[in-house]
Amino acid sequence: MKKIFIFALTLLLVLPASANVEELVAAAEKGDVEAQFYVGFDILEKGYPTVIMEIEYESKVSAANWFRRAAVQGHAEAQCYLGFFYYYGYGVEQDYSKAVYWFQKATDQGHAGGQYHLAVCHQFGFGVEKNIQKAKQLSDLATKGDAEAQYHIAFRSFHIERNSIVEISSIFTINSDS
């Protein structure tokens, strides 16, 4: 929810008051990387607060295409979203290797979401060889100052690995400085 609020605030600050969806799409079609990301995000927003799984398939395909256009230009948030789409098969064929590729691109730019999702891939061996040490390193990076990453790691640790909560808590440490 915090990210959506920040996105909306950023959109209000970045776009002139007269900007509308058509102008945003026109800028995106001309190659404006931020506009491409925002068009993809806007497609998802139209379904909010519907969970992403309930958004129409065609909308997911369209959002994935806009995220891809921004991702190839180096937009870290778009790279993370595109990885997420490949991870779950939203608007694209599910492909863990491609998800890992895009999460790695976002991670290389210090994106906490990319770090978190890449940690999950390494933890369970989705698209990469299972590597608990790499998962721990990535989760440590993701949780430094990122409360949302801390929440997701704690949530996943508790719900997915209930039977080995002590083992998981030693793998995914929460940074108490944030």
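Conventions used here
- One numbering rule holds for all chains: residues counted from 1, following each sequence as written.
- Only residues with pLDDT of at least 70 get local features here, since the model is predicted, and only at 80 or more are side-chain atom pairs given and counted; chain-wide, interface and lining totals rely on the full set of residues.
- Side-chain measures were taken over the full set of non-hydrogen atoms in the model, leaving aside hydrogen atoms and water.
- Strands are runs of DSSP state E lasting at least 2 residues, helices are runs of H or I lasting at least 4, and numbering of each runs from the N terminus.
- When accessible area is computed with a 1.4 Å probe and restricted to protein chains, residues below 20% of their type maximum are described as buried, those above 50% as exposed, and intermediate ones as partly exposed.
- A contact between two residues is defined here by any heavy atoms of the two lying within 4.5 Å.
- Reported accessibility uses the Shrake-Rupley method at a 1.4 Å probe radius. Residues are deemed covered only where the shown protein chains occlude them.
- As used in this record, nonpolar core signifies buried Ala, Val, Leu, Ile, Met, Phe, Trp, Tyr and Cys residues forming a set joined through side-chain atoms within 4.5 Å.
- One less than the number of residues in a helix, times 1.5 Å, gives the span that helix is expected to have.
- What the arc measures is the spread of directions leading from the helix axis to the C-beta atoms.
- Two N or O atoms form a polar contact when they lie within 3.5 Å of each other; inside protein one atom must be a possible hydrogen donor and the other a possible acceptor, and for residues adjacent in sequence the pair counts only when both atoms belong to side chains.
- Confidence scores labelled pLDDT are given residue by residue by the predictor and lie between 0 and 100.
- Lines fitted to C-alpha atoms define the axes, with helix axes restricted to the stretch in contact, and inter-axis angles between N-to-C directions lie between 0 and 180 degrees.
- Relative orientations are named as follows: roughly parallel for angles under 35 degrees, roughly antiparallel for angles over 145 degrees, roughly perpendicular for angles from 65 to 115 degrees, and oblique for any other angle.
- Left-handed is the label given to a crossing in which the near helix is rotated counterclockwise from the far helix by less than a right angle, and right-handed is the label when the rotation is clockwise.
- As a working rule, the residues Ala, Val, Leu, Ile, Met, Phe, Trp, Tyr, Cys and Pro are called nonpolar, Asp, Glu, Lys and Arg charged, and the rest polar, with Gly in that last group.

Engineer: Honestly, the overall build of the chain in this entry has me stumped. Any pointers?
Structural biologist: A tally of regular secondary structure across the chain gives 10 helices and zero strands. Listing each helix as α and each strand as β along the chain from the N terminus yields α-α-α-α-α-α-α-α-α-α. Residues classed as buried in the chain amount to 38% of the 178 residues present. The contacts of the chain with a sequence gap of at least 6 include a subset with a gap of at least 24, amounting to 54%. Total accessible area on the chain stands at roughly 10000 Å², and carbon and sulfur atoms take up 56% of it.

Engineer: Got a minute to help me understand the nonpolar core in this structure?
Structural biologist: Soluble globular proteins: nonpolar side chains tend toward being buried together. With 36 residues, the main nonpolar core has Phe37, Phe67, Phe85 and Phe103 as its most contacted residues. Every element with two or more residues in this core is listed here: helix H2 (21–29), helix H3 (33–45), helix H4 (57–71), helix H5 (76–88), helix H6 (96–108), helix H7 (112–124) and helix H8 (132–143). Considering each element in turn, this core owes the most residues, seven residues, to H3.

Engineer: Looking at this structure, how should I read H8?
Structural biologist: An ideal rise of 1.5 Å per residue puts 16 Å on 12 residues; H8 measures up with 16 Å between its terminal C-alpha atoms. Buried within H8 are the following residues: Ala135, Leu138, Ser139, Ala142 and Thr143. Taken around the axis of H8, the buried residues stretch over an arc of 130°, which confines them to a single face. Exposed residues on H8 whose side chains face more than 90 degrees from its buried face are Gln133 and Gln137. Here H8 starts with a cap whose side-chain oxygen sits 3.2 Å from the backbone nitrogen of Gln133, and that cap is Asn131.

Engineer: Can you help me understand the environment of Glu58 in this one?
Structural biologist: Secondary-structure assignment places Glu58 in helix H4. For the pair Glu58 and Gly91, spaced 33 residues apart in sequence, the C-alpha to C-alpha distance is 7.0 Å.

Engineer: I keep staring at the confidence of the model for the chain and nothing clicks. Help me out?
Structural biologist: Interpreting fine coordinate detail is not advised for predicted regions of low pLDDT. Per-chain confidence: the chain averages 78 in pLDDT, with 65% of residues scoring 70 or above. Mean pLDDT values for the elements of the chain range from 43 in helix H1 (residues 2–14) up to 97 in H6. This model gives residues 1–18 a pLDDT under 50, and the stretch forms 14 contacts once residues within four places in sequence are excluded. Ignoring residues within four places in sequence, the model shows residues 158–178, a span with pLDDT below 50, making 34 contacts including any to other chains.

Engineer: Would you explain the environment of Ala35 in this entry?
Structural biologist: Counting through the fold element by element, Ala35 comes out in helix H3. Considered as a pair, Ala35 and Leu24 are 11 residues apart in the sequence and their alpha carbons are 5.8 Å apart. Apart from the residues lying within four places of it in its own chain, the contact partners of Ala35 are Leu24, Ala27 and Ala28.

Engineer: How should I be thinking about H4 in this particular structure?
Structural biologist: The α-helix winds at 3.6 residues per turn, so residues separated by three or four positions along the chain end up facing the same way. With 15 residues, H4 extends 20 Å from end C-alpha to end C-alpha; this agrees with the ideal 21 Å at 1.5 Å per step. Burial in H4 covers these residues: Lys60, Ala63, Ala64, Trp66, Phe67, Ala70 and Ala71. With its buried residues spanning 165° around the axis, H4 presents them on a single face.

Engineer: Would you explain the packing of H5 against H7 in this entry?
Structural biologist: For any two helices packed against each other, one specifies the inter-axial angle together with the distance between the axes. Here H5 crosses H7 at 30°, and the two axes come no closer than 9 Å. Comparing their axes, H7 and H5 come out roughly parallel. Judged by the sense of rotation from one axis to the other, the crossing of H5 with H7 is left-handed. Here H5 contributes Cys80, Phe84 and Tyr87 to the contact with H7, which in turn contributes Gly113, Gly114, His117, Val120 and Cys121. When its residues are assigned to classes, the contact of H5 with H7 shows five nonpolar, three polar and no charged.

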